[in-house]
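The primary structure of each chain is shown beneath.
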Amino acid sequence: MKYRMCFTLAVLLAGSLLLTGCGYPEVSPKTYELSKTLYSVCNQKSSERLKKVQALIQSSLEQEEITSREADWLNGIIKQAEAGEWDEALRESRQIMEDQAGR
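Analysis parameters
Residues numbered from 1 in each chain as written. Predicted model: local features only at pLDDT ≥ 70, side-chain atom pairs only at ≥ 80, totals over all residues. Heavy atoms only, no water. Helix = DSSP H or I, 4+ residues; strand = E, 2+ residues; numbered from the N terminus. Buried < 20%, exposed > 50% of the residue type's maximum accessible area, 1.4 Å probe, protein only. Contact = heavy atoms within 4.5 Å. Salt bridge = Lys/Arg side-chain N within 4 Å of Asp/Glu carboxyl O. Expected span 1.5 Å × (residues − 1). Arc of directions from axis to C-beta.

Turning next to the environment of Ile77. Structurally, Ile77 can be placed in helix H4 (residues 68-82). For Ile77, a relative accessible area of 1% puts it in the buried group. Between the C-alpha atoms of Ile77 and Leu90, which are 13 residues apart in sequence, the distance is 8.1 Å. Residues contacting Ile77, with those up to four places away along its chain left out, are Leu38, Ala89, Glu92, Ser93 and Ile96.

As structure tokens, then:
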């Protein structure tokens with residue numbers, strides 16, 4: 001009986017994780033490219049290059065190469081880096097790329 005309760009709980013938990021979604025959904029090729037660039041910038045902890053990526057994100061948004069949702073994700077990563085949270089920004093930019101594998 002105890003095994004059945006644990007199994008049921010595990011199934012419910014796994015199902016709830018699938019419903020809420022984990023990670024980033026499919027992104028445009030341009031967003032993928034920008035996340036690679038952002039990863040490189042965060043790895044180097046380059047504030048100067050960070051400003052250039054921010055301009056690229058804005059330009060890509062204006063040219064409708066990326067969605068506003070994608071721009072928000074990328075700009076959120078930039079804010080982390082600007083706050084000195086380089087490792088977190090590095091992980092997030094990598095997460096966007098990893099979540100595209102197999103799509």
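On to the environment of Lys79. In this structure, Lys79 sits in helix H4. You can call Lys79 exposed: its relative accessible area is 58%. Distance from Lys79 to Gln54, taken between C-alpha atoms, is 9.9 Å for residues 25 residues apart in sequence.

Attention now goes to unusual backbone geometry. Phi at Lys45 is positive, roughly 55°, even though this residue is not glycine. Looking at where Lys45 falls in the secondary structure, it is placed in the loop between helix H2 (29-44) and helix H3 (47-62). The phi angle at Glu64 is positive, at roughly 60°, despite the residue not being glycine. Positionally, Glu64 belongs in the loop between H3 and H4. For Glu64, a relative accessible area of 71% gives the class exposed.

Before going further, it helps to examine the pattern of salt bridges. For the coordinates displayed, the defined rule picks out three salt bridges. With its nearest N and O atoms 3.5 Å apart, the salt bridge here joins Lys30 to Glu33. Here Glu33 and Lys30 lie together in helix H2, a separation of three residues that amounts to about one turn. The partly exposed category is assigned to Lys30, whose relative accessible area is 21%. Relative accessible area serves as the criterion here: at 42%, Glu33 is assigned to the partly exposed category. Here Arg94 ties to Glu98 by a salt bridge, and the two come within 2.8 Å at their closest N and O atoms. Highlighted residues: Arg94 and Glu98, both in helix H5 (residues 86-98), separated by four residues, approximately one helical turn. On the basis of relative accessibility, which here comes to 40%, the residue Arg94 falls in the partly exposed class.

Right, let's talk about H5 for a bit. Across its 13 residues, H5 extends 18 Å between first and last C-alpha, which sits within 8% of the 18 Å expected from 1.5 Å per residue. Looking at H5, one finds that the buried residues are Trp86, Ala89, Leu90, Ser93, Ile96 and Met97. Across the axial projection of H5, the buried residues extend over an arc of 125°, all falling on one side. Looking at the packing, one finds that the buried side of H5 touches H2, H3 and H4.

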